[in-house]
Each structure stands twice: as C-alpha cells, then as structure tokens.
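Here is how the chains run, residue by residue.
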Amino acid sequence: MDYQNIIVETHERVGLVRLNRPKALNALNDQLMDELGQALATLDTDDGIGCIVLTGNEKAFAAGADIGAMASYTFMDVYKGEYITRNWEQLRKVRKPVIAAVAGYALGGGCEVAMMCDFIIAADTAKFGQPEIKIGTMPGAGGTQRLPRAVSKAKAMDMCLTGRMMDAAEAERAGLVSRIVPAERLLEEAMAAAKTISEMSLPIAMMVKESINRAYESTLSDGVQFERRMFHGTFGTQDQKEGMKAFLEKRPPKFNHQ
Ligand code: HXC
C-alpha cells in the first residue's frame, strides 16, 4: 500500500507503523488517520504479524489533531461528516497487542492515540498533555475517559483543565507509561518488547489483551468471570499443549499460533 502520511514496515512478526508528517510534528489529519486505520486493519488480519508498534519521530509522537485542518470546521462538519473523529476508533478494534513508542510530544489527539494503544513505552524526552482547552476545545478521542483511568481523577483534571504537559518521569510515576528508556534506545526497546510478545502464542496474547481490557469495561466479578472463561479457552489451543509440554521437556516452546 502506498501511504503518504505513515510508513509501515514489518520485522519478522512485528509490524512497525511510523507516523510521518515531521514538518507538522505529526499532526493528525483525516488522511493520516484514514491511512493509520487501513494499515492497522491490514496488520491485524495478517497471520504473519503477532504485535504492532506505533511510533513517531524523535521530536514528536504526534502534537495533536491538525489545528490548521480543524480551525474552520463547523459543528455539522464534525458531527455529521465525522471529520477529525472518523477512523479514530480503528485502533480500539485491533485485536493484537499494540505498543506505543513515544518520544517528544504526545499532545491532544497524540496523547489520546498513545493511550488507545495497549501500553506506552516512553523515551526520556516524552511529553504528554491534553492542551485542547488552550485552543478552545477539549479532548475528543477518549482523553477525558482514558486519562483518569490511567493517572487518577486529580491528575486528569489538572492536565485537561490547565493544559500543562507532563514529562516522562511524571507520566511513569502516575502510571501512564509502562517504562522509560533513553531516547536513542526507544525504538530498539519497543521493538524488542514487541518481538518477545510476537513470539508468544498469538491467540493467547489476544486473550490476555481482551481480558485486561475487560477490567475497564465491567465489574470486578464480571471481569474475573470473563478471565476464567478465557483461561479455560486457552486449553482449547494447540499452543497450550505445546507450551506446557515444552516446559516439562525443558526446551523452548514452538508455538504455531493455533
Ligand atoms: C497542526 C501543528 C500542530 C498541530 C504543531 N504544528 N502542532 N500543526 N496541528 N496540532 C506545526 C506548527 O504549526 C509548525 O508548523 C510546526 O508544526 C512546528 O511546530 P512549532 O510550534 O513551531 O514547534 P515548537 O515551537 O517546538 O512547539 C511545539 C508544540 C507546539 C509545543 C508542540 O507546536 C504546540 O503547542 N502545538 C499544538 C499542540 C496542541 O494544541 N495539540 C492539541 C490539538 S487539538 P510551521 O508550518 O509553522 O513550521 C486535538 C484534539 C484531538 O488534538 C481531538 C481528537 C478527536
């Protein structure tokens, strides 16, 4: 596929998607989000891919939705035409694990896209924020919903109401990111984590992702029940037989992702 605003590569069983509008700090316009949606859907249905990494460049993961494109939109454009918001939910539909590798700015929609991924690995240069209020709007792709779940109501209110940025250290303390790495090693570390995941059984990784996401969508008892059924389901896979047999035979497993 010939993309203009993203670069897609595959490395063994890992799909790497780079946001690529460097002159605009990877500002997210409709074209970029359409391409991202298509690329993710393609990787998600490719049996040869077990994990996806989404990244930007050293200066920015993404500095938000494209303000130039949005500035003159009317209510009818965004409500009826779903400009800006169309295709943003595509990330949520991806069933394989997706890691956000964030260096530099992850602001507004950029922060929201990072939070839609399954976990965030941050460079020590990362800066997160929901500054929409400073330009007369507000988060529109889950920022007011995912941020409080990730970092507490107090910090989410602080971030969304003042529009201030959080550095990588604060983001890690608050639980927004899973780890911080030196900027020059960001991609290497994210790709290594993705490779590890991609070598696990894909159906089991998908079940883990689905189960953890349930923690946000259900009561504890419903979530525990869901997890139990998924756990039972793992015994229907060939990879469970292989994984446990390999352990007992003291050898590495050879998963066939079935
Ligand atoms: C369009 C953007 C942009 C954006 C940066 N640029 N962010 N263009 N939309 N969100 C462009 C600038 O216009 C500039 O273009 C170039 O990228 C470099 O940016 P500078 O501002 O010159 O860089 P710097 O001084 O280093 O400042 C970096 C920055 C600042 C602090 C990140 O760019 C900034 O505040 N950006 C806006 C952040 C923001 O408000 N994001 C939320 C958007 S609303 P030129 O052509 O001049 O070189 C949103 C809603 C989401 O995201 C809703 C989802 C459904």
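Our structure is the block above this text.
Residues numbered from 1 in each chain as written. Predicted model: local features only at pLDDT ≥ 70, side-chain atom pairs only at ≥ 80, totals over all residues. Heavy atoms only, no water.

Asker: Would you mind showing me how to read the overall build of the protein chain here?
Answerer: Secondary structure assignment for the protein chain yields 12 helices and 10 strands. The C-alpha radius of gyration of the protein chain comes to 19 Å, within 12% of the 18 Å expected for a compact globule of 258 residues. Projecting the C-alpha coordinates of the protein chain onto the three principal axes gives extents of approximately 60 × 45 × 40 Å. Expressed as a percentage of its 258 residues, the buried residues of the protein chain come to 45%. By sequence separation, contacts in the protein chain at least 24 residues apart represent 67% of the contacts at least 6 residues apart. For the protein chain, the distance from the average site of its 31 positive side-chain charges to the average site of its 33 negative ones is 4 Å. (Helix = DSSP H or I, 4+ residues; strand = E, 2+ residues; numbered from the N terminus. Rg over C-alpha atoms; globule rule 2.2 N^0.38 Å. Buried < 20%, exposed > 50% of the residue type's maximum accessible area, 1.4 Å probe, protein only. Contact = heavy atoms within 4.5 Å. Lys, Arg positive; Asp, Glu negative; His and termini not counted. Charge placed at Lys NZ, Arg CZ, Asp CG, Glu CD.)

Asker: Help me understand the nonpolar core, please; the structure alone is not making it clear to me.
Answerer: Buried together is how nonpolar side chains tend to be arranged in soluble globular proteins. Counting 47 residues, the largest nonpolar core has Leu19, Leu54, Phe61, Val102, Ile120, Phe128 and Leu176 as the members making the most contacts within it. Among the elements that make up this core, the one with the highest residue count is helix H1 (residues 30-44) (6 residues). In terms of nonpolar packing, the next biggest core, distinct from the first, is built from 16 residues, Cys51, Ala123, Met191 and Ile197 among them. (Core = buried A, V, L, I, M, F, W, Y, C linked by side-chain atoms within 4.5 Å.)

Asker: How should I be thinking about the sheet that holds strand E4 (residues 60-62) in this particular structure?
Answerer: Hydrogen bonds between backbone atoms are what pair the strands of a sheet, whose relative direction is either parallel or antiparallel. Strands sit in the order E4-E6-E8-E9 across an open sheet of 4 strands; the sheet is mixed. Since the sheet does not close on itself, it has two edges, and those belong to E4 and strand E9 (165-167), each with one partner. Averaged over all pairs of adjacent strands, the angle between their axes in this sheet comes to 20°, without regard to strand direction. Note that E4 and strand E6 (residues 105-107) share 2 bridges and pair parallel. Bridging from a neighbouring strand, Ala62 pairs with Ala106 of E6. Relative to E6, helix H5 (residues 109-116) is tilted by about 95°, and along the sheet it contacts E4, E6 and strand E8 (127-129). (Pairing = 2+ DSSP bridges. Axes fitted to C-alpha atoms, helices over the stretch in contact; angles between N-to-C directions.)

Asker: In this structure, what is going on with the pattern of salt bridges? I would like to understand it.
Answerer: Applying the stated criterion across every chain, the model contains 14 salt bridges. When salt bridges that share partners are traced, they join Lys155, Asp158, Arg164 and Glu170 into one network. (Salt bridge = Lys/Arg side-chain N within 4 Å of Asp/Glu carboxyl O.)

Asker: When you look at the packing of aromatic side chains in this model, what are you seeing that I'm missing?
Answerer: By convention here, two paired aromatic rings are described through the distance between centres and the angle between planes. Taken as a whole and assessed by the stated rule, the structure comprises 3 aromatic pairs. Measuring from ring centre to ring centre gives 5.0 Å for Tyr73 and Tyr83, while their planes differ by 55°; the resulting arrangement is tilted. Remark: Tyr83 occurs in the loop between helix H3 (75-79) and helix H4 (90-93) and Tyr73 occurs in the loop between helix H2 (67-70) and H3; sequence separation between them is 10 residues. We classify Tyr73 as partly exposed; its relative accessible area is 25%. The exposure class assigned to Tyr83 is partly exposed, which follows from its relative accessible area of 31%. (Phe/Tyr/Trp six-rings, centres within 6.5 Å; stacked < 30°, edge-to-face > 60°.)

Asker: Help me out: how do you make sense of unusual backbone geometry in this one?
Answerer: What is expected of a backbone is that most residues other than glycine have negative phi and most peptide bonds are trans. A positive phi angle is found at Glu82, which is not glycine, with a value near 50°. Overall, Glu82 belongs to the partly exposed group, its relative accessible area being 40%.

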